[in-house]
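Fold and contact review
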Amino acid sequence: MDRSLAPGAVLVSAALLVAGSGCTSGGSAAGEDAPMPTVSDDLEQTYEHVVNDVLPSVVQITTDDGLGSGIVYDDEGHIVTNAHVVGRGERFDVLVATGQRAVRANLVASYPEQDLAVIKLTDPPDRLRPATFGDSSKVTIGQIVLAMGNPLGLSSSVTQGIVSAVGRSVSEGEGQATLGDMVQTSAAINPGNSGGALVNLSGHVIGIPTLAARDPGLGGGQAPGIGFAIPASTVTFLAEQLIEHGQVVDSGRAALGVTVRTVLGDGFEPAGAAIVEVTEDGPADRAGLRAGDVVVRVGSEPVTDVVSLSEALAAHEPGDDVKVTYERDGDRRSARVELGEA
């Protein structure tokens, strides 16, 4: 099978074969004896090809705090993973598919703001296989995907699901990174999967699995079937900067140019993000906002706290002109703000 076919094309082809399975082949003995392929046979073979192609590019990373996953980025030994996988560490043990023993790696750079990091193998083994990163702008809802990594220490594990949504903005928690333009998937993402590969049926990495949704109704436990991956376009855009400059010089993240804190309303519920400090000549300053104003909406998105403000901004890009609604001295006002860069 041509593995360059899009997932939809694979399924259409298989469906046509099934539709014809009840017909004769004009009396041909070969046609009568040869069983017709089924959808499950066709899809199973595609899964096997993709797993065999991509899994050698997925590595296991051991840190002082635990295990995580990573993806071979190039043949020089660079590995891309999540910033929360490497934590504050600078040296790691990496188990690659082509070796039986762990290889040492050093931190190149980490960018917690987008939960990405790059490490580099000190002595890259022969036959190191870099992954192929796809065009995440072409990811579609309903597309079949596979998540590859090392969940719960079970190395080289694969789960399957679909793309449930695109363009999600999600927060890793109070005081932690807010990530924009995320791919939502039903493929299982468990501890240890972080930093691994979310792959389409063409064998292209379309994202890095990063976090699973938490359900307050389950005591903060993981909500099954709701995971999020950083899109491949963001990964490559930032990884190239981390490798070349040792830091991100162009984040692509929108900012208001303010420092904020969450304020509570009469019922002690979050009621907005109060501006504590305004960056001089920054976007908010130029639009007339000042310390003491309480931001309650950015565009069409309500703002109730610091996290929701970050999520609202993550849905925009630097240079976007947005309406910011805020309260000052009991009055509700609004201003047009040209967003800057974080």
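Our focus in this paragraph is the overall build of the protein. Scanning the protein from N- to C-terminus turns up 7 helices and 20 strands. Every one of the 342 residues in the protein was classed for burial, and the buried ones make up 43%. Considering only intrachain contacts with a sequence separation of at least 6, the fraction spanning at least 24 residues in the protein is 57%. Total accessible area on the protein is roughly 16,800 Å²; 48% of this is exposed by carbon and sulfur atoms.

Low-pLDDT portions of the prediction should not be read for the details of their coordinates. On average, residues of the protein score 85 in pLDDT, and 86% of them are at 70 or above. Counted against residues more than four places away or in other chains, residues 1–32, with its pLDDT under 50, gives 30 contacts.

Right, let's get into the side chain of Asp293. Within the secondary structure layout, Asp293 lies in the loop between helix 6 (283–286) and strand 16 (294–298). A polar contact is formed between the side chain of Asp293 and the side chain of Arg328, at a distance of 2.8 Å. In this structure, Asp293 is in contact with Ala273, Ala274, Ile275, Tyr326, Glu327 and Arg328, ignoring residues within four places of it in sequence.

In this section: the pattern of salt bridges. Taken as a whole and assessed by the stated rule, the structure comprises 4 salt bridges. Asp93 is paired through a salt bridge with Arg104; the nearest N and O atoms lie 2.7 Å apart. Linking Asp93 in strand 4 (residues 91–95) with Arg104 in strand 5 (residues 103–111), this pair joins segments that are 11 residues apart in sequence. Its relative accessible area of 28% is what places Asp93 among the partly exposed residues.

Spatially, 1-2-3-6-5-4 is the arrangement adopted by the 6 strands of the closed barrel, whose pairing is antiparallel. In this sheet, adjacent strand axes meet at a mean angle of 40° when their direction is disregarded. The sheet contact formed by strand 1 (residues 58–62) and strand 2 (residues 67–72) spans 5 bridges and is antiparallel. The partner of Val58 across the bridge, within strand 2, is Ile71.

With 34 residues, the main nonpolar core has Ile71, Val80, Phe133 and Met148 as its most contacted residues. It is helix 5 (residues 232–245) that provides the largest number of residues to this core, a total of 5 residues. Here Met148 is in contact with Val50, Val51, Val54, Leu55, Val58, Ser157, Val158, Asn193, Gly196, Ala197 and Val199, once residues within four sequence places are set aside. Counting 18 residues, the second-largest nonpolar core is a separate cluster that includes Ala273, Val298, Leu313 and Val337.

The next point concerns the side chain of Ser136. Locating Ser136 in the fold gives a position in the loop between strand 6 (116–121) and strand 7 (144–149). Owing to a relative accessible area of 10%, Ser136 belongs among the buried residues under this scheme. Here Ser136 is in contact with Ile206, Pro231, Ala232 and Ser233, once residues within four sequence places are set aside.

Now for helix 7 (residues 306–314). What helix 7 keeps buried is the set Val307, Ser308, Leu309, Ala312 and Leu313. Where helix 7 begins, the capping side chain belongs to Asp305, and its oxygen is found 3.3 Å from the backbone nitrogen of Val307.

In this section: unusual backbone geometry. Here Ser156, not a glycine, exhibits a phi torsion of approximately 55°, which is positive. By secondary structure assignment, the location of Ser156 is in the loop between strand 7 and strand 8 (157–171). The phi dihedral of Asp281 is positive, around 60°, even though this residue is not glycine. By the element assignment, Asp281 lies in the loop between strand 15 (270–278) and helix 6.

Basis of the calculations
Residues numbered from 1 in each chain as written. Predicted model: local features only at pLDDT ≥ 70, side-chain atom pairs only at ≥ 80, totals over all residues. Heavy atoms only, no water. Helix = DSSP H or I, 4+ residues; strand = E, 2+ residues; numbered from the N terminus. Buried < 20%, exposed > 50% of the residue type's maximum accessible area, 1.4 Å probe, protein only. Contact = heavy atoms within 4.5 Å. Areas by Shrake-Rupley, 256 points an atom, 1.4 Å probe, with all protein chains shown as cover. pLDDT = per-residue confidence, 0-100. Polar contact = N/O pair within 3.5 Å; in protein donor to acceptor, adjacent residues only side chain to side chain. Salt bridge = Lys/Arg side-chain N within 4 Å of Asp/Glu carboxyl O. Pairing = 2+ DSSP bridges. Axes fitted to C-alpha atoms, helices over the stretch in contact; angles between N-to-C directions. Core = buried A, V, L, I, M, F, W, Y, C linked by side-chain atoms within 4.5 Å.

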